[in-house]
Amino acid sequence: MHTVHRLHKLLKLLSRRAVGVGSSCRWDHNIPVCEPHNCQLFINNEFVDAVSGKTFATFNPATAKEIIKVAEGDKADVDLAVIAAKKAFHRNSEWRKLSPLQRTTLMNKLCGLMQRDKEFLASLESQDNGKPYSEALFDVTYSILTLQYYAGWTDKFFGDTIPTGGFTSMTRKEPIGVVGQIIPWNYPLLMLAWKWGPALAVGCTIVMKPAEQTPLTALHMAALAKEAGFPAGVINIINGFGPTAGAAISEHPNIAKVAFTGSVDIGRIVMQAAAKTNLKRVSLELGGKSPVVVFDDADIDYAVETTHEALFSNHGQSCCAGSRTYVHEKIYDQFVAKAAAKAKARKVGNPFDSGVQQGPQIDEEMLTKVLGYIESGKKQGAKLQAGGKRIGNVGYFVEPTVFSDVKDDMRIAQEEIFGPVQSIFKFSTLDEIIDRANNVEYGLAAGIITNDINKALKFANNVDAGSVWINCYDAVLPSTPFGGYKQSGIGRELGKDGLDNYLETKTITLKLL
């Protein structure tokens with residue numbers, strides 16, 4: 001995810017040019033535009049065609065042109081991947097016999113290969129997803145840091161010894177087994193790292209389906225995992241579509257746990273599939289409609305900058321986007337004028353062009369959805385301050401859009417837009433804004449900008465959100481748990497809590513005779 005500026009600057013320093021992105025890249029203004037190496041499925045450490053022989057195209061959203069066709073997996077391919085993953089998880093397998101520090105070594109070697117290929121990975125991400133190349137480089141570096149963080153956890157999940165009178169009792173933490181992981185298109189590589197990290201650290205095996213819009217970095221990561229020395233069957237990648245490959249993962253009786261990041265509607269389908277088969281464990285990271293509250297004692301320019309990035313980073317395509325900007329009535333008009341000017345100045349264009357801050361939406365469906373919400377805002381009486389239109393007719397670009405005079409009952413106030421649309425509301429008191437902030441079905445994140453620590457902590461303690469940021473936004477770190485309240489999901493990713501999704505607790509009790 002896109003983090004606070006200080007962290008962002010630090011990671012950019014770590015994202016300098018790597019060597020050897022390969023002969024499949026051409027350089028355009030010091031930026032590599034690379035052709036993907038892998039387009040098949042990855043099962044049991046081999047790239048293979050789909051059983052059906054089907055393929056589908058992945059497109060560049062900046063041009064709407066096909067990048068490459070990739071293999072289209074379905075139930076038959078998921079079955080083969082699960083067989084491989086189950087074999088790799090057998091108690092006598094090479095993977096299970098590795099010591100924790102040997103798993104650490106493999107994970108760190110993978111990170112080294114990612115560092116070597118970071119420009120190649122960033123190029124694939126920019127082409128497949130549309131995010132600016134500089135942002136893609138940032139995502140690669142953050143993904144490396146996430147995997148490095150979890151590489152340090154391989155020997156640090158502990159059981160307990162429990163006093164039980166005449167018995168000796170202890171608990172043991174064990175990997176849950178074969179896990180299914182279904183990731184979204186907005187942060188393809190980051191979401192892979194979030195899910196691979198804890199699963200590999202504790203010793204699970206993986207069957208992953210990347211989003212059909214953005215499979216390319218996952219396929220290259222599979223190749224790097226093999227190069228790093230991960231045993232066959234530990235990591236498997238099945239490209240495909242939700243109703244076929246995704247459903248097969250969610251329903252599979254030999255998958256012990258499924259992790260899904262995406263929409264609430266699909267999250268419900270995943271839960272239903274898990275319930276009707278083997279009651280597999282489910283963790284869900286779903287949508288959000290996150291408030292960012294600006295009090296009148298805040299530095300207004302800092303607040304404008306922070307709320308701007310909270311919403312517009314990654315083209316607004318972020319589950320925790322600060323999509324409800326609440327501004328105190330005393331500074332409201334001044335704030336709106338500055339926010340609109342900043343949105344109008346945001347540079348939108350080709351992700352590989354220098355200085356571009358915003359690329360295209362992911363596809364035509366999302367373009368149409370975002371434009372539909374903009375029309376809804378205008379019809380329901382919100383005042384359009386900036387943007388509001390499509391840019392050009394090639395690719396899926398939308399003007400950075402700002403609405404003022406937004407009311408809590410408007411669609412743009414209640415529903416997740418997932419695009420570059422900032423809605424600015426007016427408020428008067430702290431108690432009022434806590435109630436209004438909580439008056440949505442989501443609870444993923446929230447932010448507050450104020451110099452009054454009492455206001456900040458009262459808000460943080462009472463808002464329904466899994467993450468609350470004070471005088472910053474989107475400060476998501478590998479060590480800090482991330483997840484939501486209400487319909488924003490179940491469970492937590494990242495940090496120590498992220499390990500819990502992939503562990504079983506076994507109680508062992510003995511009696512001395």
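Since the model is a prediction, treat every value here as computed from it, not as a measurement. (Residues numbered from 1 in each chain as written. Predicted model: local features only at pLDDT ≥ 70, side-chain atom pairs only at ≥ 80, totals over all residues. Heavy atoms only, no water.)

Draft legend 1. Representation of the packing of aromatic side chains. Within the structure shown, the criterion is met by 12 aromatic pairs. Relative to Phe 427, the ring of Phe 295 lies with its centre 5.0 Å away and its plane at 80°, an arrangement referred to as edge-to-face. Of this pair, Phe 295 sits in the loop between strand S14 (291-294) and helix H11 (300-312) while Phe 427 is found in strand S20 (residues 421-427), placing the two residues 132 residues apart along the sequence. On the accessibility criterion, Phe 295 (2% relative accessible area) is buried. A relative accessible area of 0% places Phe 427 in the buried class. (Phe/Tyr/Trp six-rings, centres within 6.5 Å; stacked < 30°, edge-to-face > 60°. Helix = DSSP H or I, 4+ residues; strand = E, 2+ residues; numbered from the N terminus. Buried < 20%, exposed > 50% of the residue type's maximum accessible area, 1.4 Å probe, protein only.)

Draft legend 2. Local environment of the sheet that holds strand S8 (residues 167-175). In space, the 3 strands of this open sheet follow the order S7-S8-S26, with antiparallel pairing throughout. With one partner strand each, in any of the chains shown, strand S7 (161-164) and strand S26 (503-510) form the two edges of the open sheet. Adjacent strand axes in the sheet meet at a mean angle of 25°, parallel and antiparallel pairs treated alike. (Pairing = 2+ DSSP bridges. Axes fitted to C-alpha atoms, helices over the stretch in contact; angles between N-to-C directions.)

Draft legend 3. Broad picture of the nonpolar core. Within the largest apolar cluster, 99 residues are counted, with the highest numbers of intra-cluster contacts made by Trp 196, Met 221 and Phe 230. Broken down by element, the residue count for this core peaks at 11 residues, all from helix H7 (residues 188-202). (Core = buried A, V, L, I, M, F, W, Y, C linked by side-chain atoms within 4.5 Å.)

Draft legend 4. Highlighting the pattern of salt bridges. Summed over all chains, the structure comprises 24 salt bridges. As a salt-bridge pair, Glu 46 and Lys 226 come within 3.4 Å of each other at their nearest N and O atoms. Of this pair, Glu 46 sits in strand S4 (residues 46-48) while Lys 226 is found in helix H8 (residues 216-228), placing the two residues 180 residues apart along the sequence. Note on Lys 226: relative accessible area 36%, which makes it partly exposed. With a closest N to O distance of 3.6 Å, Lys 389 and Glu 399 form a salt bridge. Taken together, the positions of Lys 389 in the loop between strand S16 (383-386) and strand S17 (390-391) and Glu 399 in the loop between strand S18 (397-398) and strand S19 (401-404) put the pair 10 residues apart, joining distant regions of the chain. (Salt bridge = Lys/Arg side-chain N within 4 Å of Asp/Glu carboxyl O.)

No statement about biological role is implied by the geometric values presented.
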